[in-house]
Amino acid sequence: MQSDPGPTPDENLVEVFKALGNPIRLRILQWLKNPEVNFADYEPIADRVEVGVCVSHIQAKAGLAQSTISAYMAVLERAGLVTSTRIGKWTHYRRDETHIEKLVNSLGRDL
């Protein structure tokens, strides 16, 4: 019996492009690049740079239902573009800059 080797690099890129193919998900990722400025209207629950932005603040800024934002964030997380941290009952998201940098470098080599 062969073990599943996991997604290939091409499959990973496809997931990233699918995630970024939605304009709201792309906008959220752009907002998270500079959370102190883009979420200044919302009182932080934790350090935005270190821990991330509370999902309720992302939802409020986007003006979409909580379930929609949660689904969008799950797609971004599966694609490796964000990481999540749970603090109490709140989930915070921040960009995974290390993974994003690897993707950008990979695109420069592979395309």
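This text follows the structure it describes.
Fair warning: this is a prediction, and the values are worked out from it, not measured in the lab.

A. Looking closely at the overall build of the protein chain. Helix and strand content of the protein chain: six helices and three strands. Reading the secondary structure of the protein chain in the N-to-C direction produces α-α-α-β-α-α-β-β-α. When each of the 111 residues of the protein chain is scored for burial, the buried share is 32%. Sequence separation of 24 or more characterises 48% of the internal contacts of the protein chain that already satisfy a separation of 6 or more. Counting only carbon and sulfur atoms, one obtains 52% of the accessible surface of the protein chain, whose full area is about 7100 Å².

B. Local environment of helix α2 (residues 23-33). Those residues of α2 that fall on the buried side of the exposure criterion are Arg25, Ile28, Leu29, Trp31 and Leu32. One side of α2 holds all its buried residues, which, seen down the axis, span an arc of 160°. For α2, the exposed residues lying more than 90 degrees away from the buried face are Pro23 and Lys33. Between a side-chain oxygen at the N-terminus of α2 and the backbone nitrogen of isoleucine 24 the separation is 2.8 Å; the capping residue is asparagine 22.

C. Summary view of the sheet that holds strand β1 (residues 53-54). Strand order in the open sheet formed by three strands is β1-β3-β2, with antiparallel pairing between adjacent strands. Each end of this open sheet is capped by a strand with a single partner; those strands are β1 and β2 (82-87). Across six bridges, β2 lies against strand β3 (residues 90-95) in antiparallel orientation. The residue bridging serine 84 from the neighbouring strand is tyrosine 93, located in β3.

Cut-offs used in this document
- Residues numbered from 1 in each chain as written.
- Predicted model: local features only at pLDDT ≥ 70, side-chain atom pairs only at ≥ 80, totals over all residues.
- Heavy atoms only, no water.
- Helix = DSSP H or I, 4+ residues; strand = E, 2+ residues; numbered from the N terminus.
- Buried < 20%, exposed > 50% of the residue type's maximum accessible area, 1.4 Å probe, protein only.
- Contact = heavy atoms within 4.5 Å.
- Areas by Shrake-Rupley, 256 points an atom, 1.4 Å probe, with all protein chains shown as cover.
- Arc of directions from axis to C-beta.
- Polar contact = N/O pair within 3.5 Å; in protein donor to acceptor, adjacent residues only side chain to side chain.
- Pairing = 2+ DSSP bridges.

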